[in-house]
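Examination of the molecular architecture
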Amino acid sequence: MAGWLSDRLGKRKALATFGYAVSTVAKPFLVLVTSWTGVLAVRVAEPLRQGRAYGRGDALIADSIDESKRGLAFGFHRAADGAA
């Protein structure tokens, strides 16, 4: 869905930034919630940064780097995301 929306709107950077921002803001609330609904809300926000966000992130990377260096860029992105 995110990749489709990114292609449709053409706002790859804005959508990727939004996804990372929502996840970053939501994650600290996990220690503050006191009900299962709060945990659910925080856990629903996390995929915006993770795998579900890769459609728009991959498109952003592909648009930003020379074709001959795409493998390096995608490898670095996956390694950095896995370290986080």
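Overview of the structure. All values reported here derive from a predicted model rather than from experimental measurement.

**Describing the overall build of the chain**
- Within the chain, the regular secondary structure consists of 5 helices and 0 strands.
- Its helices and strands in sequence order give the chain the pattern α-α-α-α-α, from N to C terminus.
- Residues counted as buried form 30% of the 84 residues belonging to the chain.
- Long-range contacts, defined as pairs at least 24 residues apart, comprise 49% of the intrachain contacts of the chain with a sequence gap of at least 6.
- Carbon together with sulfur atoms contributes 65% to the accessible area of the chain, which is approximately 5900 Å² in total.

**Overview of the environment of Asp58**
- Relative to the helices and strands, Asp58 is located in helix 4 (residues 54-64).
- Of the residues examined, Asp58 reaches a relative accessible area of 22% and is grouped as partly exposed.
- Look past the residues within four positions of Asp58 in its chain and what remains in contact with it is Phe74 and Arg78.

**Details of helix 2 (residues 12-26)**
- The terminal C-alpha atoms of helix 2 lie 21 Å apart, and with 15 residues this matches the ideal 21 Å at 1.5 Å per residue to within 8%.
- For helix 2, the complete set of buried residues consists of Arg12, Leu15, Ala16, Gly19, Ser23 and Ala26. Projection of helix 2 onto a plane perpendicular to its axis shows the buried side chains occupying an angular sector of 115°, all on one side. Turned more than 90 degrees off the buried face of helix 2, the exposed positions are Lys13, Phe18, Thr24 and Val25.

**Focus on helix 3 (residues 36-45)**
- If you check which residues of helix 3 are buried, you get Gly38, Val42 and Ala45. Burial along helix 3 is one-sided: seen end-on, the buried residues are contained in an arc of 60°. The exposed set on the far side of helix 3, more than 90 degrees from its buried face, consists of Trp36 and Val44.
- Where the residues of helix 3 are buried, they touch helix 2.

So, how was this worked out
The residue numbering used here restarts from 1 in each chain and proceeds along that chain's sequence as written. Per-residue local features are limited, in this predicted model, to residues with pLDDT of at least 70; the limit for side-chain atom pairs, both in listing and counting, is 80 or more; totals at the level of whole chains, interfaces and linings are taken over all residues. Side-chain calculation: all heavy atoms of the structure are included, whereas hydrogens and water are not. Only runs of H or I of at least four residues qualify as helices and only runs of E of at least two qualify as strands under DSSP, and these elements are numbered from the N terminus. Exposure categories follow from relative accessible area, calculated using a 1.4 Å probe and restricted to protein chains: below 20% of the type maximum is buried, above 50% is exposed, and the middle band is partly exposed. Any two residues whose heavy atoms approach within 4.5 Å at even a single point are treated as in contact. Working definition of accessibility: Shrake-Rupley area with a 1.4 Å probe, residue cover restricted to the visible protein chains. For a helix, the expected span equals 1.5 Å multiplied by the number of residues minus one. Directions are taken from the helix axis to each C-beta atom, and the arc is the one they span.

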